[in-house]
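Secondary and tertiary structure notes
Residues per chain are reported as follows:
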Amino acid sequence: MSKRLIWRKGVNAVMLTVTGVFTAVTVAFLFLILGFLVYYGGRSLDWNFFTKLPLSAGETGGGMANAILGSLEIVAVAALIGLPIGFFAGVYLSEFEDKVFASVVRYVSDLLNGIPSIVVGLLAWGLLVVPMRQFSGVAGSIALSVMLIPIVARQTEQFLREVPNSLREGALALGATKWRMVATVVVPAGSKGILTGMILGVARISGESAPLLFTAFNNQFWNGSITQPTASLPVMIYFRALSAYDDWHRQAWAAGLVLIGGVLTANILARLVLAKGVSVPRG
Amino acid sequence: MKRRLLTCGVLLAAGASIAAAQKINAAGATFPAAIYQTWFEQYHKLHPGIEINYQSIGSGGGIAQLTGGTVDFGASDMPMTDDQLSKLKVKAFHFPTVLGAVVPTYNIPGVSADLKFTPESLAGIFLGTITKWNDSRLTKDNPGVKFPNEEIQVVHRSEGSGTTFVWTDYLSKVSPEWKSKVGANTSVSWPVGLGGRGNEGVAGLLKQTPNSIGYVELVWAAQNKLATGLVKNAAGNFVKAGVESVTEAAAGAAKEIPADFRISITNAPGKQAFPISSFTYLLIPSKIPDAAKTDAIKGFLQWMLADGQKYAAGLYYAPLPKEIVAKETRQIAQINAPGAPAGKGK
Amino acid sequence: MATPLVVETPVIRRRTQTGDIVARWVVTVFAAVILFVTALIVYQLWIGSEPSRLKSGFAFLTSSKWNPVTEEFGALPFIYGTVVTSVLALLISVPLGVGAAIYLAELAPAGLSNGLTFLVELLAAIPSVIYGLLGFLTVVPLMRSYVEPFLKSALGFLPLFKGPSFGVGFLTAGVVLSIMTVPYIISVSRESLLAVPREQREAALALGATRWEATWQVVVPYAKLGIFGSIFLSLARALGETMAVTMVIGNDPKISASLLAPGYSIAAVVANEFSEATGAIYQAALVELGLVLFVLTILINAVARLMIVATTRKGSKRS
């Protein structure tokens, strides 16, 4: 073997190692983050956390029960609004596209996806908080739904496009109208991917804190109505983490663990759906 | 199955009772947040139908939200200026609630003694002219204390804060250099330092950062076991902040306080008066369109002026002087007083 | 790839088209909602910032005053902080991310690659506030007690590393942001690398290149645009990050040469000060900052998309 070849093989081995190490470092970050959350959060999770309301500064034993419920409420309403809009927009882009309009919609959808969440919060503030003269959970939901729409639209379009044309033509050949074909053949065929996109989208927005800061605001009591300020886990984590009380720090860790548990579970679930498939029976 | 039905039933009932509760939203100062949160919790226990949701976002936030109409009442340590009052759609009353002290709070590893600060040394630190802990201007007032040869890490508020107003108001009174360079307000252009969010955030940064100094309301330092310093008052004595020294600072105010209760008591005369003391206020609209809300708010104010004051000392605040309580009780009656049209509200 | 045969059968009459017309309208309307919402955002940002725009004009972008009392507002410290932290983040995450992407796309065995990619994508799913939580409670003390004093002792002669080590500041924000942007770089770069047609690799290997040489000298240049696209995409994300940055940047609206100093970013100041902005000009100034951020992220996203689309198109053309 010539010297040059040895050198080249050496470089090959070194770079394999270096890039492998880079990958390992990146993956290590994930485990570090999870590790910290499980360690600090796990120690702080107790029954109080899930059942009690937040107590005033300095008192121990409070919890974030209302924030957990509030997060669920806000995200549920956001999903109710954002999922249908995103889904139908995706159907349009894949099945009904007009050349120019569709490319404009696609471009703007990517734009919307990239808008910082704090700017979306400003939108919801101007749209709802100011005229209603009140902070409300629903304003937070609107902000989150705006973030959800482009995610779901893109995923829906992508997975509908992957449905083979032969299915479409088969349905048409049998005499189906276009919308029937889309509804009963194409969508069910792409349902795995669409569902994945929806789960991922909802997981993504449930962790957002910035758009809720001046829309849903915060609340120390149970959130009776979505038109009142509503506590949420991400916002509570923010406020508690920055404080000086050890008890509040513990609660922030616990909340972080609960939040990440939910988000990661949803992510893993989504990928399982995609891999194994939850088949929707044809209508 | 039965258990599920039971849970549903309980949740529905809870939901119904929640729906029936009188919900009031308030926001503002972090200075009195410790006692306000206790008060609203206690009041809710006494009157389960009334929920006062108070968010401590800073005095600036309290004034802004009140002006925007997004809260039912606000809270601020700094009395609203004429300019701010003119921007309100509905005139607001100031209701002093308690007295508190803003204390120089520090975290110097190895130094557990109570440090003595003169007005000049505080101004110097926050102006950035005194940069090291072992500066002679600090050591001369604290003989016997071993200061480290470390840079002073200043911490201040990042948002509009009544606590900042009290602190800068005091510094403006005692340091002409501060007054001309920085001035007094809820939000100023700080020459040096990090910004923390709320009294809570400043305390959090102080606890974490060695060789740091900041200013917080007394309860935040006490509850977080942070060291606080003595300040030299107008009479020349180094005084520690506490219920007595704050009460003494307010002694003159009881007589001099104007009818709208807007007053500054920093650098007050008095042998053992703590020079960085302040009233803190609830900002209540003079006309509240919702009758049930008005009753709830009035009821709370009456409770606050009587039983509420008992909670003050335990949280390091000083209760209001009796003369002021009497004057405020009369002001409560002026809310929604007949004879004037109801304000443009929700 | 055989094109599917479409049998034109005008003989088969379709049923009435009303169902189709309705369906088309319904989905078009929903798609139009996206345009409507985006237009609304632009409108709100424009109208909401009017008092401040009228007052300061373009001077807003170059002034470094931020004084709510005298109502003088300038965007420069925030633009500076946003740019510095984002660039710092990229300086760390680009080598790390591109290197990892190369490993995952080219060098690692397939099963390992898929598993690791899955884990990397989980990293992207972690909410910003959790990064902030970890940043403030674990990274900041680490920076303050170990990393920053080390940097000061080793490189303290540079103006970049002067001043007290607070723990919070530009450097910490940049480090936290880099961890947040790495998964995006890996994800998009990996896809760009995978889009490179097999023939390219095989040709290089057939000529006797080592795996690394084939990757570095043939595949990577082919996917160059896509990789650059991923960098711009991550830059756009980093610019808009709010929660993680505001918890570790120190919240001081000042421009400093030192990375150890506290700073402020556009997203952080809007998050911190919006709910307490009294006065029309103050509020409008914050909205105007939002407008600046919006324009910035749009521009960079547009560049990124162009690059990524160009790569995938190039790849598919060749096959």
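Cut-off values and rules
- Residues numbered from 1 in each chain as written.
- Chains lettered and ligands numbered in written order.
- Predicted model: local features only at pLDDT ≥ 70, side-chain atom pairs only at ≥ 80, totals over all residues.
- Helix = DSSP H or I, 4+ residues; strand = E, 2+ residues; numbered from the N terminus.
- Rg over C-alpha atoms; globule rule 2.2 N^0.38 Å.
- Contact = placed C-beta atoms within 7 Å.
- Nonpolar A, V, L, I, M, F, W, Y, C, P; charged D, E, K, R; others polar.
- Domains from an automatic or database assignment.
- Buried ≥ 20, exposed ≤ 12 C-beta atoms within 10 Å, placed from the backbone.
- Pairing = 2+ DSSP bridges.
- Axes fitted to C-alpha atoms, helices over the stretch in contact; angles between N-to-C directions.
- Parallel < 35°, antiparallel > 145°, perpendicular 65-115°, else oblique.
- Left-handed = near helix turned anticlockwise from the far one by under 90°.
- Core = buried A, V, L, I, M, F, W, Y, C linked by C-beta atoms within 7 Å.
- pLDDT = per-residue confidence, 0-100.
- Expected span 1.5 Å × (residues − 1).
- Arc of directions from axis to C-beta.

1. Some remarks on the overall build of chain B
In terms of helices and strands, chain B carries 14 helices and 12 strands. The C-alpha radius of gyration of chain B comes to 22 Å, within 12% of the 20 Å expected for a compact globule of 346 residues. Projected onto the principal axes, the alpha-carbon positions of chain B cover approximately 70 × 60 × 35 Å. For chain B, contacts bridging at least 24 residues in sequence account for 74% of all contacts bridging at least 6.

2. Topic: the interface of chain C and chain B
With 20 residues of chain C in contact, the opposing surface of chain B contributes 25 residues. Mapped onto the side of chain C that touches chain B, the elements with two or more residues apiece are α6 (128-155) and α12 (266-273) of chain C. The element best represented in the side of chain C that touches chain B is α6(C), accounting for three residues. For the side of chain C that touches chain B, the class distribution of residues is nine nonpolar, seven polar and four charged.

3. Some remarks on the domain arrangement of chain A
All names here are of chain A. Segmentation of chain A into domains returns domain 1 (6-44) and domain 2 (49-273). One C-alpha centre belongs to domain 1, the other to domain 2; they are set 31 Å apart. Contact residues are listed per partner, giving six residues for domain 1 and seven residues for domain 2. The class makeup of the residues in the side of domain 1 that touches domain 2 is three nonpolar, three polar and no charged.

4. Considerations on the pairing of strand β8 (residues 212-217) of chain B
All names here are of chain B. Counting buried residues in β8 gives six out of six residues, a clear majority hidden from the surface. Where burial is concerned, the two faces of β8 agree: the one with S212, G214 and V216 and the one with I213, Y215 and E217 are both buried. Bridge count between strand β4 (residues 92-107) and β8: six bridges; the pairing is antiparallel. Paired with T105 across the strands is G214, a residue of β8. Pairing geometry for strand β6 (residues 153-157) and β8, over two bridges, is parallel. Paired with V154 across the bridge in β8 is I213.

5. Some points on the packing of helix α4 (residues 76-107) of chain C against helix α10 (residues 224-240) of chain C
Residues and elements named next belong to chain C. Where α4 meets α10, the closest approach of the two axes is 9 Å, and the angle between their N-to-C directions is 140°. Taken as axis vectors, α4 and α10 run oblique relative to one another. Where α4 crosses over α10, the two elements pack in a sense that is right-handed. Residue-level inspection shows T82, S86, A89, L90, S93, V94 and V98 of α4 in contact with α10, the latter providing I227, I231, S234, L235, A238 and L239. Here the residues of the contact of α4 with α10 are counted per class, giving nine nonpolar, four polar and no charged.

6. Overview of the pairing of strand β12 (residues 277-285) of chain B
Residues and elements named next belong to chain B. Counting buried residues in β12 gives nine out of nine residues, a clear majority hidden from the surface. Here β12 shows a buried face lined by S277, F279, Y281, L283 and P285 and a second buried face lined by S278, T280, L282 and I284. Bridge analysis of strand β3 (residues 73-76) against β12 gives three bridges, and the strand direction is antiparallel. Residue pairing across strands places S76 opposite Y281, the latter belonging to β12. One ladder, built from nine bridges, connects β4 with β12; its direction is antiparallel. In the strand pairing of β12, P96 is matched with Y281.

7. Notes on the nonpolar core
Of all hydrophobic cores here, the largest spans 305 residues; its most connected members are A:A89, A:A139, A:L148, A:I237, C:V176 and C:V248. Among the elements that make up this core, the one with the highest residue count is α4(C) (16 residues). Other than its neighbours up to four places away in sequence, C:V248 contacts C:G132, C:G135, C:F136, C:V139, C:V140, C:V168, C:T172, C:A173 and C:V176.

8. Details of the environment of B:D114
Residue and element names in this part refer to chain B. Turning to its location among the elements, D114 is positioned in the loop between β4 and β5 (116-117). Judged by the 13 C-beta atoms lying within 10 Å of it, D114 falls in the partly exposed class. Between the C-alpha atoms of D114 and L305, which are 191 residues apart in sequence, the distance is 34 Å. In this view, D114 contacts A227, T228, G229, L230 and K240; residues no more than four positions away in its chain are not counted.

9. Focus on the confidence of the model for chain B
Residues and elements named next belong to chain B. With 92% of its residues at a pLDDT of at least 70, chain B reaches an overall mean of 88. Mean pLDDT per element in chain B: helix α1 (residues 2-20) is the minimum at 56, and β3 is the maximum at 95. pLDDT under 50 marks residues 340-346. Its contacts with residues more than four places away, or in other chains, come to 11 contacts. Two summary scores accompany this predicted model of the complex, namely pTM at 0.87 and ipTM at 0.90.

10. Here's the deal with the confidence of the model for chain A
Mean pLDDT over chain A: 89, with 97% of residues reaching 70 or higher. Confidence drops under a pLDDT of 50 for residues 278-283 of chain A, and excluding neighbours within four residues, the segment shows eight contacts in the predicted structure.

11. Structural notes on the sheet that holds β5(B)
All names here are of chain B. Spatially, three strands are ordered β5-β10-β11 in an open sheet, and the strand pairing comes out mixed. Sheet topology places β5 and β11 (238-239) at the edges, where each strand pairs with a single neighbour. For β5 and strand β10 (residues 230-232), the ladder comprises two bridges, and the chain directions are parallel. The residue bridging F117 from the neighbouring strand is V231, located in β10.

12. Some points on α12(C)
With respect to burial, α12(C) is a largely interior element, eight of its eight residues being buried. Regarding α12(C), the residues found buried are C:I266, C:A267, C:A268, C:V269, C:V270, C:A271, C:N272 and C:E273.

13. Let's talk about helix α9 (residues 211-222) of chain C
Between the first and last C-alpha of α9(C) there are 15 Å, a value that for 12 residues agrees with the 16 Å anticipated at 1.5 Å per step. Of all the residues in α9(C), the buried ones are C:W212, C:A214, C:T215, C:V219 and C:V220. The buried residues of α9(C) all sit within an arc of 145° when viewed along its axis, so they share a single face. Facing away from the buried surface of α9(C) by more than 90 degrees, the exposed residues are C:Q217 and C:P221. In this structure, the buried residues of α9(C) make contact with α1 (3-44) of chain A together with α4, α7 (170-194), α8 (198-206) and α10 of chain C.

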